[in-house]
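Structural overview
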Amino acid sequence: MAQIQGIKGVKDVLPDEARVWQHIRNKAREIFHTFGYSEIIIPVLESSELFLRSIGETTDIVEKEMYLFDDRDGKKIALRPEGTASVVRSFVEHNLSHSLPFSKLYYIGPMFRRERPQAGRYRQFYQIGAEVFGFASPQIDAEMLSMLDLFFNSLNIKGVELQVNSIGCPICRPAFREALRNFFSDKLSNLCDNCQRRYELNPLRILDCKSPHCHAIAEGAPKTLDYLCDDCLKHFNTLQDCLKLAGVSYNINQRLVRGLDYYTRTTFEFVSGSLGAQNAVAAGGRYDSLVEELGGPPTPAIGFSIGFERLFSNFDSSSVAVKLINVFVAALGDKAQEKAFQIINQLHKKGISAITDYDGGSLKSQMRKADKFDSEFVLIIGDDELSKGVVIIRNMKNKAQEEVPITMIVEKLEGIFKTHDSP
Ligand code: ATP
Ligand code: MG
């Protein structure tokens, strides 16, 4: 029969890689908890209106990339392309601002965008993200960046550079937008089709264009920081002071405007030199009016999301020590197999990982399998051992082996793994 293949741009994470993902996820959870964040688990399906209203109708995501469908009752549904809008929706819907003076939340999960699949760009990809609601102070911006810095360092990720910028607020941005329009007005015909549209609707996004041609044209464009109002400038300067206090190194990138419409003031990206064109490992910024725009009370907020696949490709997987299994039981013959079944059953209850080969086979083939599972110990039970009431326990590292009474084996292994685990 013909094979059925996975969908283009949507990949399987096989067990060897999934183990490394688990390690990275655990590290994220550990560090985020240190900073007082709680996990929020948000749905993959949302009403499409949520993203139309939050991300912006003229963004790439909404214009070209969203997976949309009509539900059976005609309701317009989207597979979420990002996490922030969903977290904000949930924050507003459940009145989280009433129960806590401020909220620090993180999420981990798949996002969906119908982009052209290529290195670092998938149609289903994973993000680890976080949002903080309730603080306007740039100190939280710096704290968040310092948390990301710590996270990347804890994974020993090298060569990521933090870039920061401020794109101002509704008071100062209109003047900047006008300055950009003036600058591009006589260069319009040289810009790509997308940027020609952006010129009318949101000229800031020309600065974000991935086309090298538009990038070159935008070289001498007005700079955001020159147009910030006093409050925004002070905010940005304090952010930089705090980053210095926290020992987080950064560079200013005045073209960093981000592709989503909801950002205000601080924007940032962690970029990696080794990732080529898709170089942003993590990105985010402040979005002080989004909660209100989605029907909530005025609430300043900031967030980021890390692209898991891009983080993974910058991570040295060999640094994650994986021991697949503690004990492999090699049983020879039906009687021995019955014993093996009992032994692993008892080991599982003690929290010791143990497997046996229910298909049996020769000792040689079973030992080969034990090796494949990188098993620490092998128990061997054959007719001889059964008649003597013992099992052979073999340490696969130093190859030492001894006979142990069957009745004592679980206790013995328990002793071994208890001392293993204690610090
Ligand atoms: P890019 O400029 O790379 O398209 P973006 O501005 O669309 O990124 P965000 O929406 O801010 O990205 O998403 C945050 C992070 O998620 C990105 O920095 C990136 O690491 C990751 N990411 C975004 N799109 C994809 C994708 N299609 N496949 C894999 N990772 C992605
Ligand atoms: Mg994108």
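The paragraphs below set out a description of the structure included in this document.

Conventions we followed
- Counting from 1, residues in each chain are numbered in the order their sequence is written.
- Chain A is the first chain written and ligand 1 is the first ligand written, with later ones labelled in order.
- Given that the model is predicted, a residue must reach a pLDDT of at least 70 before its local features are reported, and side-chain atom pairs must reach 80 or more before they are shown or counted; all residues, however, enter totals for whole chains, interfaces and linings.
- The basis for every side-chain value is the complete set of heavy atoms in the structure, and neither hydrogens nor water enter the calculation.
- Per the convention used, a helix needs a DSSP run of H or I reaching at least four residues, while a strand needs a run of E reaching at least two, with both numbered from the N terminus.
- Burial status follows relative accessibility: with a 1.4 Å probe on protein chains alone, a residue under 20% of its type maximum counts as buried, one over 50% as exposed, and anything between as partly exposed.
- Only heavy atoms matter for contacts: two residues are in contact if any of them lie within 4.5 Å across the pair.
- Methods summary: accessible areas were calculated by the Shrake-Rupley approach with a probe of 1.4 Å, and residue burial reflects only the protein chains presented.
- The charge count includes Lys and Arg as positive and Asp and Glu as negative, but it does not include His or the ends of the chains.
- Every charge is mapped onto a representative atom, which is NZ of Lys, CZ of Arg, CG of Asp or CD of Glu.
- For a helix, the expected span equals 1.5 Å multiplied by the residue count minus one.
- This arc is built from the directions going out from the helix axis to the C-beta atoms.
- For Phe, Tyr and Trp, rings pair up if their centres lie within 6.5 Å, where Trp contributes its six-membered ring, and each pair is then called stacked (planes under 30 degrees apart), edge-to-face (over 60) or tilted (otherwise).
- Only Lys NZ and Arg CZ are tested; either one counts as a charge over a ring when it is within 6 Å of the ring centre and within 35 degrees of the ring normal.
- Only when DSSP finds a minimum of two bridges between them are two strands counted as paired.
- A fitted line through C-alpha atoms represents every axis, and for helices the fit uses only the stretch in contact; the resulting angles, taken between N-to-C directions, go from 0 to 180 degrees.
- What makes a residue near a molecule or strand is one non-hydrogen atom of that residue sitting within 4 Å of it.
- Polar contacts, as counted here, are pairs of nitrogen or oxygen atoms within 3.5 Å of one another; within protein the pair requires one atom able to donate a hydrogen and one able to accept it, and residues that are adjacent in sequence qualify only if both atoms are side-chain atoms.

Here we come to the overall build of the protein chain. The secondary structure content of the protein chain amounts to 16 helices and 16 strands. In terms of principal-axis extent, the alpha carbons of the protein chain reach across some 90 × 55 × 45 Å. Across the 423 residues of the protein chain, 49% fall into the buried class. Nonlocal contacts in the protein chain, meaning residues at least 24 apart in sequence, comprise 69% of its contacts between residues at least 6 apart. Accessible surface, the protein chain as shown: approximately 21,200 Å² in total, 51% of it carbon and sulfur. Counting 51 positive and 54 negative side-chain charges, the protein chain places the averaged centre of each group 3 Å from the other.

Here helix 1 (residues 15–34) spans 28 Å end to end across 20 residues, near enough to the 28 Å set by a 1.5 Å rise per residue. When helix 1 is considered as a whole, its buried residues turn out to be Val 20, Trp 21, Ile 24, Ala 28, Ile 31 and Phe 32. In a view along the axis of helix 1, the buried residues occupy a sector of 110 degrees, so they form one face of it. For helix 1, the exposed residues set more than 90 degrees away from the buried face come down to Pro 15, Asp 16 and Thr 34. Buried residues along helix 1 sit in contact with strand 5 (103–112), strand 6 (124–133), helix 6 (138–154), strand 11 (301–307) and helix 12 (308–313). Just downstream of helix 1, Gly 36 is the residue with a positive phi angle, here 85 degrees.

The subject of this paragraph is the packing of aromatic side chains. By convention here, two paired aromatic rings are described through the distance between centres and the angle between planes. A complete count under the given rule lists 16 aromatic pairs for this structure. When the ring of Trp 21 is compared with that of Phe 308, the centres are 4.3 Å apart and the planes differ by 40 degrees; the resulting orientation is tilted. One end of the pair, Trp 21, is in helix 1; the other, Phe 308, is in helix 12, with 287 residues separating them in the sequence. Here Trp 21 and Phe 308 have matching classes, each one buried. Between Phe 151 and Phe 152, the ring centres sit 5.8 Å apart and the planes meet at 40 degrees, which makes this aromatic pair tilted. The buried category is assigned to Phe 151, whose relative accessible area is 0%. Taken together, the aromatic side chains of Phe 32, Tyr 37, Tyr 106, Phe 151, Phe 152, Phe 270 and Phe 304 make up a single cluster linked through ring pairs. Directly above the aromatic system of Phe 183 lies the positively charged group of Lys 187, at a separation of 3.9 Å from the ring centroid.

The sheet built from five strands is open, its strands ordered 13-12-14-15-16 with mixed pairing. Looking at strand neighbours, the two that pair on one side only are strand 13 (354–356) and strand 16 (401–405), the edges of this open sheet. Neighbouring strand axes in the sheet, compared pairwise and without regard to direction, differ in orientation by 25 degrees on average. Here strand 14 (residues 377–381) runs beside strand 15 (residues 390–395); their pairing, made up of four bridges, is antiparallel. The partner of Leu 379 across the bridge, within strand 15, is Ile 393. Relative to the sheet, helix 14 (residues 363–372) contacts strand 12 (327–331), strand 14 and strand 15, its axis offset from that of strand 12 by approximately 170 degrees.

Time to look at the site of ligand 1. Inspection of the region around ligand 1 gives 16 residues, with Arg 113, Glu 115, Lys 210, Arg 258 and Ala 280 positioned closest. Within the side chain of Arg 113, one N or O atom sits 2.7 Å away from an oxygen atom of ligand 1. At a separation of 3.0 Å, an oxygen atom of ligand 1 approaches a polar side-chain atom of Arg 310. For ligand 1, whose unbound accessible area comes to 580 Å², protein coverage reaches 92%. Among the elements of the structure, strand 6, strand 10 (280–286) and strand 11 are those that each provide at least two residues to the shell around ligand 1.

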